[in-house]
Amino acid sequence: MSISLKRARAIFVKDYKEFTRNYAVSIMLIFPIILALLFRSVDPSVPGIFAVVLNLSFVILSCFTQACLIAEEKERNTLRSLMMTPATTMDVLFGKSSLVFVMSAVVLGIVTYILGYEPTSIWAFVAVIILSIILYTAVGTICGLFSKTVLEASLTILPVIFIFTGAPWGTLLVDDFPIFKVLEYLPSTQLVYFLEVRNTGFTMGDLFPPLLITLAWTVVLTIVSVVLYQRRLKDE
Amino acid sequence: MQFQPMYDNGELFLPKIELNMTSNQSIGIITDLKRKQLLMNQLVNYSEYYLFRAGQGEYMRLTVEELITFLIKVTERNERVALLMDYFALKEERKVKIKDLSSSKRMYVTLLRVFFAHQPTLVLEEPYFYLEEQDRRHFKRILDDLSKEKQILILTSNLEDAIISCDAIYRLNESGFHPLDIRDSEEDKQEVQKQDEANITLQKISTKRNDKVILFNPPEIDFIESIEGSILVHVGGGNYDCALTLTELEQRLLNFGFFRCHRSYIVNLQKVREIITWTKNSYSLRLNTGQDAVVPLSRSKLHELKALLNI
């Protein structure tokens, strides 16, 4: 499976122009920033605020925009037409994902700056953010593949919002519902754990488990999304 | 190009079709919606066909120029955008977003995707359907240039659309797959027999359909065509078999204002609404019957027709 950077770049530029002119979707970019501005006035020492904003931003930015990009191409049959050009699956996915990645990274950078979060280990923090963006982009790809129109995409995203951003809250109910223990292994909960590791007296050992679990999610979901993408397009 | 036979409720719906495609020749198949879909679906899994479906959409928020640039880049061609915009005659719409174009222009821009196809065979569904006259001409020019290197198959339900740019036309319907004779051969000369001058006796044209003999008054007839040697009389959208030859019919109908406009066609001039000029060498006649019928007109017959109509 080869990637042609030239073709991927063409898709990147095309999607960038399409996306920035589609105000209904691109307005979502400001949403995490507004959220961050709102929460800034809250006592910054409250743990978990940053994690909540991040988790929401991932779903809104990476997941939703990627789902919209793919669903819109499907809606207009341009994806099918694109498959008949020399552009391969990887070109298309790479071009689109890199656009979503860049946008997410920039907005999350701004959010982190506004909230004034100081990571315990800058490298581990960057790594976990990058992995999460890729992971949620893959989820977005899957959502996009299962929806035929942009409207459907915004609906299929709802369960994702519910499960992923709700998971950290669900873990609070573990005592009543032991089944909720599963939620601890969701990447969003792991992100909360990761961010809760405090500056004072942390060891690398505390940071590694969340990082590894997130990595596992990323790898699995990326593979699933690529395989599904090829399958779904053949079916149609 | 080969199509497998398909059955619907035990009846042959799509016969086995073998097309000998050569480059520099485009083929048109006139058929209905369902058969069009079936034909397209048989080609989906082959990488040598570029399929352009009627429902193809476009990136609405790009400008025309951005779209062409994208298509050039994604297909890794080495053309210059400015030159292509000239070639496509889209200079004025350069900065217009696709969604702001007129629907005909938008369809035309969408159709340009076939220009960038790398596959050796292009299959187009209803390419001319939504196009206005001017865009039709532009697209016909582009298709003609493309057909120098590629094989082109056009699926349409409209004879007129097929006539625009096809060299060979077939009709596919419940009675099977038959070639239509639209070739424009000039050396084709029929022996014109001497006309019976005082022939004003009642002339009914007898036709057959489902073993019934049906008689038509000549003014009722829209046009008569010859398909693979059998004569079909078209009346009000339906067609009826006739045992006479075209030459015989021509003689009998001459006094009723009929005209042999083509080797295989006789048309009722009273029903002709429009003479359509596609290029210098291809013409057709549009009739003002209930259905939008179009009949080819030979170049050699054009002068005769003009003289007849005093134009």
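Being a predicted model, the structure only gives us computed values, none of them experimental.

Under the definition given, this model contains 16 aromatic pairs over all chains. Here a set of aromatic residues connected by ring pairs shows up, and it is made of A:Phe58, A:Tyr136, A:Phe164 and A:Trp217. The ring of B:Phe70 is capped by A:Lys14, whose NZ or CZ atom sits 5.4 Å from the centre of that ring. Between B:Arg35 and the ring centre of B:Phe13, over which it is positioned, the NZ or CZ distance is 4.1 Å.

This part takes up the sheet that holds strand 19 (residues 282-287) of chain B. Residue and element names in this part refer to chain B. Across the sheet, three strands lie side by side as 18-19-20; this open sheet has antiparallel pairing. Pairing within the sheet leaves two strands with one partner each, and these edge strands are strand 18 (272-279) and strand 20 (294-297). On average, each strand axis in the sheet is tilted by 30° relative to the strand beside it, whichever way the strands run. Pairing of strand 19 with strand 20, which is carried by four bridges, proceeds in the antiparallel orientation. Bridging from a neighbouring strand, Leu 285 pairs with Val 295 of strand 20. Docked against the sheet, helix 8 (residues 299-309) engages strand 18, strand 19 and strand 20, running at close to 100° with respect to strand 20.

We now examine empty space enclosed by the protein. Under the defined criterion, the tally for this structure stands at five cavities of 30 Å³ or more. Taken as a whole, the largest cavity holds about 60 Å³ of empty space. Lining the largest cavity, in full, are A:Ser81, A:Met84, A:Thr85, B:Tyr50, B:Leu71, B:Thr75, B:Arg113, B:Phe116, B:Ala117 and B:His118. Split into classes, the residues belonging to the lining of the largest cavity amount to five nonpolar, four polar and one charged. In this model, the second largest cavity occupies a volume close to 50 Å³. If you go around the second largest cavity, the residues you meet are A:Lys14, A:Asp15, A:Glu18, A:Leu69, A:Glu72, A:Glu73, A:Arg76, A:Thr78 and B:Tyr59. Where the lining of the second largest cavity is concerned, the elements lending two or more residues are helix 1 (5-21) and helix 4 (49-75) of chain A. Taken together, the residues of the lining of the second largest cavity break down into two nonpolar, one polar and six charged.

Another point: the interface of chain B and chain A. Contacts between the two partners involve 23 residues from chain B and, on the opposite side, 22 residues from chain A. In total, about 2,200 Å² of surface goes out of reach between chain B and chain A, with carbon and sulfur atoms giving 55% of it. Taken as a group, B:Tyr59, B:Arg61 and B:Val74 account for 31% of the area that chain B buries against chain A, more than any other trio of residues on that side. At the boundary of chain B with chain A, the tally comes to five salt bridges. Put simply, B:Glu66 and A:Arg21 hold a salt bridge, and the shortest N to O gap is 2.9 Å. Put simply, chain B and chain A have 16 residue pairs in polar contact (both at pLDDT 80 or more) between them.

Residues and elements named next belong to chain A. Close contact between helix 7 (residues 122-145) and helix 8 (residues 150-170) brings their axes to 9 Å; oriented N to C, the two are set at 145°. Both helix 7 and helix 8 take part in a crossing whose hand is right-handed. Only Thr 156, Ile 157, Val 160 and Phe 164 of helix 8 make contact with helix 7, whose side of the interface consists of Leu 135, Tyr 136, Val 139 and Cys 143. For the contact of helix 7 with helix 8, a count of residues per class yields seven nonpolar, one polar and no charged.

Glancing now at the domain arrangement of chain B. Residue and element names in this part refer to chain B. What the domain assignment lists for chain B is domain 1 (2-180) and domain 2 (205-309). Distance between the C-alpha centres of domain 1 and domain 2: 29 Å. Contact residues are listed per partner, giving twelve residues for domain 1 and 13 residues for domain 2. In terms of surface lost to domain 2, no three residues of domain 1 exceed Arg 137, Glu 160 and Ile 163, which account for 39% of the buried area on that side. One can count two salt bridges joining domain 1 with domain 2. Between Arg 286 and Glu 160 there is a salt bridge, with the nearest N and O atoms lying 2.6 Å from each other. At the boundary of domain 1 with domain 2, the tally comes to four residue pairs in polar contact (both at pLDDT 80 or more). Of all the elements in the fold, those that place two or more residues in the side of domain 1 that touches domain 2 are helix 5 (133-146), helix 6 (159-165) and strand 10 (176-180).

Residues and elements named next belong to chain B. In terms of nonpolar packing, the biggest core is built from 149 residues, with Leu 19, Phe 88, Leu 124 and Leu 153 touching the most fellow members. Each of two domains, domain 1 (2-180) and domain 2 (205-309), supplies a minimum of three residues to this core. When near neighbours in sequence (up to four residues on either side) are disregarded, Leu 124 contacts Phe 52, Leu 111, Val 114, Phe 139, Leu 143, Ile 152, Leu 153, Ile 154 and Leu 155.

Checked against the element boundaries, B:Glu66 lands in helix 2 (residues 64-74). B:Glu66 has contacts with A:Lys17 and A:Arg21, leaving out every residue within four places of it along the chain. Polar side-chain contacts of B:Glu66 include one of 3.0 Å to the backbone nitrogen of B:Thr63.

Once that is clear, we can look at the pattern of salt bridges. Per the counting criterion, the structure on display carries 30 salt bridges over all chains. For A:Glu72, the salt bridge identified is with B:Arg61, shortest N-O distance 2.7 Å. Of this pair, A:Glu72 sits in helix 4 while B:Arg61 is found in the loop between strand 6 (49-52) and helix 2, placing the two residues in two different chains. Its relative accessible area of 10% is what places A:Glu72 among the buried residues. By relative accessible area, which is 12% here, B:Arg61 ends up buried. In this structure, B:Asp86 and B:Lys91 form a salt bridge, with 3.4 Å as the shortest nitrogen-oxygen distance. Overall, B:Asp86 belongs to the partly exposed group, its relative accessible area being 42%.

A separate point is the sheet that holds strand 10 of chain B. All names here are of chain B. Across the sheet, which stays open at both edges, the six strands sit in the order 6-7-8-5-9-10 with mixed pairing between neighbours. A single partner strand is all that each edge strand has here, and the edge strands are strand 6 and strand 10. Here the strands of the sheet are splayed against their neighbours by 20° on average, with no regard to which way each runs. As paired strands, strand 5 (residues 26-30) and strand 9 (residues 168-173) are joined by four bridges and run parallel to one another. Note that in strand 9 the partner of Ile 29 across the bridge is Tyr 170.

What counts and how
Residues numbered from 1 in each chain as written. Chains lettered and ligands numbered in written order. Predicted model: local features only at pLDDT ≥ 70, side-chain atom pairs only at ≥ 80, totals over all residues. Heavy atoms only, no water. Phe/Tyr/Trp six-rings, centres within 6.5 Å; stacked < 30°, edge-to-face > 60°. Lys NZ or Arg CZ within 6 Å of the ring centre and 35° of its normal. Pairing = 2+ DSSP bridges. Helix = DSSP H or I, 4+ residues; strand = E, 2+ residues; numbered from the N terminus. Axes fitted to C-alpha atoms, helices over the stretch in contact; angles between N-to-C directions. Contact = heavy atoms within 4.5 Å. 1 Å grid on protein atoms, 1.4 Å probe; cavity = no way out; pocket = protein on both sides within 12 Å on 5 of 7 lines; lining within 4 Å. Points joined across faces, edges and corners; volume = space filled by probe spheres on them. Nonpolar A, V, L, I, M, F, W, Y, C, P; charged D, E, K, R; others polar. Buried area = accessible area lost by both parts, 1.4 Å probe. Salt bridge = Lys/Arg side-chain N within 4 Å of Asp/Glu carboxyl O. Polar contact = N/O pair within 3.5 Å; in protein donor to acceptor, adjacent residues only side chain to side chain. Left-handed = near helix turned anticlockwise from the far one by under 90°. Domains from an automatic or database assignment. Core = buried A, V, L, I, M, F, W, Y, C linked by side-chain atoms within 4.5 Å. Buried < 20%, exposed > 50% of the residue type's maximum accessible area, 1.4 Å probe, protein only.

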